[in-house]
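# Residue-level structural notes
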Amino acid sequence: MDAEQDGPDIEPHPSPSARSTAPPFNLAQAAFLLDRFCSRLPRDPYASPPRPSFTLTPTPSGFLASVLLPIISALGPSPRRFGGATSATKRRAKQAAAFAACEALQQAGALDDLRADEPVDDDEVGPADVLDRHEMVEVEFDNIWGNVLAKDSPVWLNTLEVCEPGAALVVVGLVAGSSLGLYEGGAGNREGGGNGGTSVRLVSCVELSFVNPAEQAVRLEGLRALNFECVKTAVNRRVDDAPFYALFAPLTTDGSIDWTTVSNAFAPTTSATLLPSCIVAISSRRVEHRLYTFKSIRTDVSSLSPIREIEVDLESRLSANELAKFDSYVKFLRIKYSVVISDTEAEEILELESVDTTIPSHLRPRPSPQPSFRRHFPLSLCRTTSLPSSFWRIILVSPFLLRTLHDEIRARRAIAHLDLPPIHIPLLIQALTPPGAVIDFDYENLETLGGSLLQLFTSVHLYLSHPYSTEGGLSTLRRHLISNAFLQQRTLAIGLAPFLLPERFRLATWVPPESDQCDLAPDGLRTKRMIPRRALSDCVESVLAAGFLSGGVRMALMVGGRLGLEVGGEWEGRVPRVANDLERGEGMERLEEVVGYSFECPRLLRQALTHRGVMGAPTNCYEREEFLGDGESTSWRSCKSLLILRAALLDFFVSNHLWTTFPGISSQNLTSLRTRLVSNAALAFVAIRTIEVHRNLIHDSKGLQLAIDEAVVQAKGMSWEDFDDVTWLWDPPKGAFSPSFSPPFLRF
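First, a word on scope: everything that follows refers to the structure included in this document. Keep in mind the model is a prediction, meaning the values are calculated, not measured.

### Observations concerning the overall build of the chain
Counting secondary structure elements, the chain contains 23 helices and 17 strands. The buried share of the chain, reckoned over its 748 residues, is 53%. Put simply, 70% of the contacts in the chain that link residues at least 6 apart link residues at least 24 apart.

Shown next, in the form of structure tokens:
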């Protein structure tokens with residue numbers, strides 16, 4: 001799969017020498033075009049509106065004009081003054097200078113950015129945004145178990161080792177229509193967290209053979225019926241006759257299926273078959289608890305005895321009105337359990353002790369164990385079972401086992417299908433699990449971290465790929481490349497959607513996921529589910545975060561490339577060379593000493609500290625470097641100086657710091673803390689109190705200097721503790737402090 005073929009056309013700008021001519025303009029149009037271009041440059045509240053500055057010099061033959069342009073990203077710091085030929089009139093001289101400036105802008109591609117810098121109306125819906133019109137989308141998923149009951153389907157015996165805390169190792173068979181060992185990695189091992197601690201390991205996979213198709217159909221139907229009865233008895237008494245595609249089977253000592261036990265798992269209870277502590281299952285669906293161990297046969301009562309002699313704790317279980325209805329034990333059984341027994345022939349009463357049927361799982365908070373209790377049932381309502389207690393424990397943990405194997409297999413298949421690097425499987429499973437799965441984890445935290453990564457990677461890639469674009473043009477491109485609509489398109493185009501894990505995980509009402517809120521294909525091999533469209537975009541960001549947490553920035557960039565995102569691949573070798581022709585001034589050295597870092601290129605540091613209102617600066621301003629810090633901003637007309645609203649670099653570093661400092665932090669808390677830490681007030685407070693960046697900012701605006709002086713007095717009058725209470729109330733000048741946090745990272 002070539003992800004680049006499906007991506008948007010964002011090829012790097014060609015060099016100025018390779019550019020074709022823009023729409024033609026003549027000498028008379030040059031001054032108007034230049035003025036229009038400057039009027040579209042970002043404005044700053046502490047600087048004069050950007051406009052060309054003309055200088056006229058009289059000569060013996062007329063006038064000679066030159067024009068000085070404002071700081072423009074497409075031009076270097078020195079060639080911003082342009083002159084024209086000597087002209088007879090002042091107007092002609094200005095037009096000649098303007099024509100020379102427009103030619104330079106045209107060669108640099110800056111005039112092509114006029115349309116790219118146009119503000120985008122949020123109400124406009126482009127082709128990429130059509131996907132967002134519907135909140136839900138239908139996605140088709142493969143049934144990873146196959147259809148073991150289908151005619152001519154292969155039948156695989158997958159042998160599992162299951163270990164619960166404090167319990168002996170249990171070996172059990174899982175019969176399915178596919179081999180669980182066919183995914184990359186072979187036998188898997190997935191351990192639960194602190195809530196469950198149950199581990200499962202795939203030992204072997206063997207394809208079963210039968211004498212003939214009739215024997216295969218009979219035996220598999222018997223195994224399906226066994227699983228259905230066991231689930232109905234121990235897990236969910238209201239389970240319907242749902243399709244079971246993963247069937248647990250008891251094994252003999254040699255590892256083969258114990259077909260005799262499968263065929264004779266349940267039998268009517270007789271006095272002769274009852275053994276001490278044998279397992280007894282209740283056949284009535286209306287009995288809430290249906291799994292017990294045998295204690296004794298009551299010799300003092302029978303089914304014809306008064307109800308209060310048989311059931312001694314009725315007052316704690318039934319209301320007074322209900323007790324009034326039951327004048328006999330036969331009537332009690334008929335009304336309470338829908339069981340009809342003879343009201344003339346006496347029947348033996350069994351005393352049974354409950355088996356704890358709490359479903360252990362690390363996917364949900366572990367419930368407290370059920371206290372044991374005793375109940376009394378007539379002999380005809382009980383069935384003995386030849387299934388060992390270890391198999392019943394497997395049935396109780398079957399929702400966890402099936403979900404664990406299902407998620408790991410689908411995650412490994414996603415790695416193989418998308419050619420992803422070796423992401424840590426539990427992290428990838430979390431990244432593919434939407435909140436609607438109702439389990440103890442989902443992708444929300446990862447999605448928050450991944451959103452920061454996506455902004456950072458996209459910003460750096462566009463910055464390096466478009467060396468002549470302005471901040472406005474870069475922001476327009478980035479706004480598209482990180483939009484939900486674009487991410488949703490990528491998810492569908494590369495085939496990531498079928499590997500999501502949206503199946504709801506139920507406990508008390510568990511049913512096989514293949515029959516839970518989905519449309520099952522007639523062949524049983526595929527299901528269709530409706531999932532939130534937002535999940536299509538969120539999962540891309542969460543998978544990106546899983547790659548970062550598994551292997552750092554390098555692996556995250558690889559993951560981004562496999563997902564078809566415009567992240568540009570490796571950064572090494574892509575950073576452009578910058579002329580290192582400026583000496584460090586006293587202010588730069590003081591700043592480096594405070595920061596504790598010696599910057600490789602003083603020119604970049606000076607550019608980082610240069611306000612865009614300075615006309616004669618030897619470097620550009622921090623406009624493009626500021627783009628690396630900009631996050632989701634509004635159009636350039638309304639965001640004034642476009643200072644850091646959601647800094648891509650700071651956003652990432654702060655998110656990663658919070659993620660590692662507070663394990664398990666919720667997405668809401670992470671977002672709230674991050675917003676406060678990267679706010680303009682927080683950045684200004686740190687810039688003033690820690691690195692004193694206001695001493696080194698290069699500008700020529702009296703208004704900006706007055707605002708800086710006022711902010712410095714306010715910041716130094718607050719303690720760190722006091723500042724935490726006024727984060728949202730303090731409003732320092734946005735153009736003075738925040739930009740200093742972006743450029744130092746150009747060489748990290």
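### Looking at the sheet that holds strand β1 (residues 53–59)
The strand order β1-β2-β3 describes an open sheet built from three strands, whose pairing is antiparallel. With partners counted over all chains shown, the strands left at the sheet margins are β1 and β3 (81–83), one partner each. Within this sheet the neighbouring strands show an average axis-to-axis angle of 20°, counted without direction. Relative to strand β2 (residues 62–68), β1 is paired through seven bridges, and the arrangement is antiparallel. Within β2, the residue paired with L56 across the bridge is A65. In the packing of helix α2 (residues 90–108) onto the sheet, contacts are made with β1, β2 and β3, and the angle to β2 comes to roughly 35°.

### Concerning the sheet that holds strand β16 (residues 519–520)
Taken together, three strands build an open sheet; the order of strands is β4-β17-β16 and the sheet is antiparallel. Strands at the two margins of the open sheet, each flanked by one partner only, are β4 (136–142) and β16.

### Comments concerning the packing of aromatic side chains
Evaluation of the coordinates by the stated rule reveals eight aromatic pairs. An aromatic cluster is present here, built from Y292, Y329, F332, Y337, F373 and F377 joined pairwise through their rings. Directly above the ring of F266 sits R383, whose terminal nitrogen or CZ lies 4.3 Å from the centroid.

### Some remarks on the packing of helix α1 (residues 27–39) against α2
Helix-helix packing is characterised by the crossing angle of the two axes and by the distance between the axes. Close contact between α1 and α2 brings their axes to 7 Å; oriented N to C, the two are set at 60°. Taken together, the axes of α1 and α2 lie oblique to each other. The interaxial crossing formed by α1 with α2 has left-handed handedness. Contact residues: α1 offers L27, A28, A30, A31, L33, L34 and F37, while α2 offers R92, Q95, A96, A98, F99, A101, C102 and L105.

### Some details on the side chain of T491
Examined against the element boundaries, T491 turns out to sit in helix α14 (residues 484–494). Owing to a relative accessible area of 0%, T491 belongs among the buried residues under this scheme. Of note is the side chain of T491, whose polar atom sits 2.9 Å from the backbone oxygen of L487. Those residues within four positions of T491 in sequence are excluded, and the remaining contacts are L496, A497, L536, C539 and V540.

### A word on a nonpolar patch on the surface
A surface patch of nonpolar side chains, about 260 Å² in accessible area, is lined by F662, L673 and L677. Mapped onto the elements of the fold, L673 is located in helix α20 (residues 667–677). The class for L673 is partly exposed, based on a relative accessible area of 34%.

### Describing empty space enclosed by the protein
For the structure shown, the criterion picks out eight cavities of 30 Å³ or more. By volume, the largest cavity amounts to about 130 Å³. Surrounding the largest cavity, 14 residues form its lining, L402, W510, P512, P513 and E514 being those nearest its centre. When grouped by side-chain class, the residues that make up the lining of the largest cavity number ten nonpolar, one polar and three charged.

### A word on the pairing of strand β5 (residues 156–163)
Judged by how many residues are buried, β5 sits mostly within the fold: six of eight residues are covered. Pairing of β5 with strand β6 (residues 170–176), which is carried by seven bridges, proceeds in the antiparallel orientation. Within β6, the position partnered with T159 by the bridge is G173. Here β5 folds back onto β6 in antiparallel fashion, the turn holding six residues, of which G166 has a positive phi close to 75°.

### Observations concerning helix α15 (residues 534–562)
Along its 29 residues, α15 runs just 20 Å from first to last C-alpha, ending more than 12% under the 42 Å computed at 1.5 Å per residue. Of all the bends in α15, the greatest measures close to 140° and is centred on G551. Two residues or fewer after α15 comes G564, characterised by a positive phi angle close to 80°.

### What to know about the side chain of S354
Mapped onto the secondary structure, S354 falls in strand β13 (residues 349–354). Note on S354: relative accessible area 11%, which makes it buried. Ignoring sequence-local partners within four residues, the contact set of S354 consists of H289, L291, Y292, P371, S372 and F373.

### Topic: the pattern of salt bridges
When their charged atoms lie close together, side chains carrying opposite charge are able to pair. Considering all chains together, one arrives at 17 salt bridges under this definition. Within this structure, K295, E351, E353 and R374 form a network of salt bridges that share partners.

### Points about the environment of A437
Structurally, A437 is set in the loop between α11 (425–431) and α12 (444–465). Along the backbone, A437 and R506 are 69 residues apart, and their C-alpha atoms lie at a distance of 8.9 Å.

### Regarding α2
Taking 1.5 Å of rise per residue, 19 residues should cover 27 Å, and α2 covers 27 Å from first to last C-alpha, within 8% of that figure. Residues A93, Q95, A96, A97, A98, A101, C102, L105, Q106 and A108 constitute the buried set of α2. In this structure, the buried residues of α2 make contact with α1, β1, β2 and β3.

### Overview of the nonpolar core
Burial of nonpolar side chains together is a common tendency in soluble globular proteins. Grouped together as the largest cluster of nonpolar side chains are 65 residues, with contacts concentrated most on I423, F457, L496, V543, V559, L563 and L565. Every element with two or more residues in this core is listed here: β4, α10 (389–418), α11, α12, α13 (471–481), α14, α15 and α19 (648–661). With twelve residues, α15 is the largest single contributor of residues to this core. Apart from the residues lying within four places of it in its own chain, the contact partners of I423 are I415, L428, V543, A546, G547, S550, M555 and V559.

### Some remarks on the packing of helix α4 (residues 213–234) against α10
Where α4 meets α10, the closest approach of the two axes is 10 Å, and the angle between their N-to-C directions is 75°. As the angle between them shows, α4 and α10 are arranged roughly perpendicular. Residues C230, V231, T233 and A234 of α4 touch α10, and the partners they reach there are F391, W392, I395 and L396.

Reading the values: rules and limits
Residues numbered from 1 in each chain as written. Predicted model: local features only at pLDDT ≥ 70, side-chain atom pairs only at ≥ 80, totals over all residues. Heavy atoms only, no water. Helix = DSSP H or I, 4+ residues; strand = E, 2+ residues; numbered from the N terminus. Buried < 20%, exposed > 50% of the residue type's maximum accessible area, 1.4 Å probe, protein only. Contact = heavy atoms within 4.5 Å. Pairing = 2+ DSSP bridges. Axes fitted to C-alpha atoms, helices over the stretch in contact; angles between N-to-C directions. Phe/Tyr/Trp six-rings, centres within 6.5 Å; stacked < 30°, edge-to-face > 60°. Lys NZ or Arg CZ within 6 Å of the ring centre and 35° of its normal. Parallel < 35°, antiparallel > 145°, perpendicular 65-115°, else oblique. Left-handed = near helix turned anticlockwise from the far one by under 90°. Polar contact = N/O pair within 3.5 Å; in protein donor to acceptor, adjacent residues only side chain to side chain. Patch = residues over 30% accessible without salt bridge, like charges linked within 9 Å, V, L, I, M, F, W, Y side chains within 5 Å. Areas by Shrake-Rupley, 256 points an atom, 1.4 Å probe, with all protein chains shown as cover. Salt bridge = Lys/Arg side-chain N within 4 Å of Asp/Glu carboxyl O. 1 Å grid on protein atoms, 1.4 Å probe; cavity = no way out; pocket = protein on both sides within 12 Å on 5 of 7 lines; lining within 4 Å. Points joined across faces, edges and corners; volume = space filled by probe spheres on them. Nonpolar A, V, L, I, M, F, W, Y, C, P; charged D, E, K, R; others polar. Expected span 1.5 Å × (residues − 1). Bend = angle between axes of the 7 residues up to and from the residue. Core = buried A, V, L, I, M, F, W, Y, C linked by side-chain atoms within 4.5 Å.

Interpretation in functional terms is not warranted from these geometric data alone.
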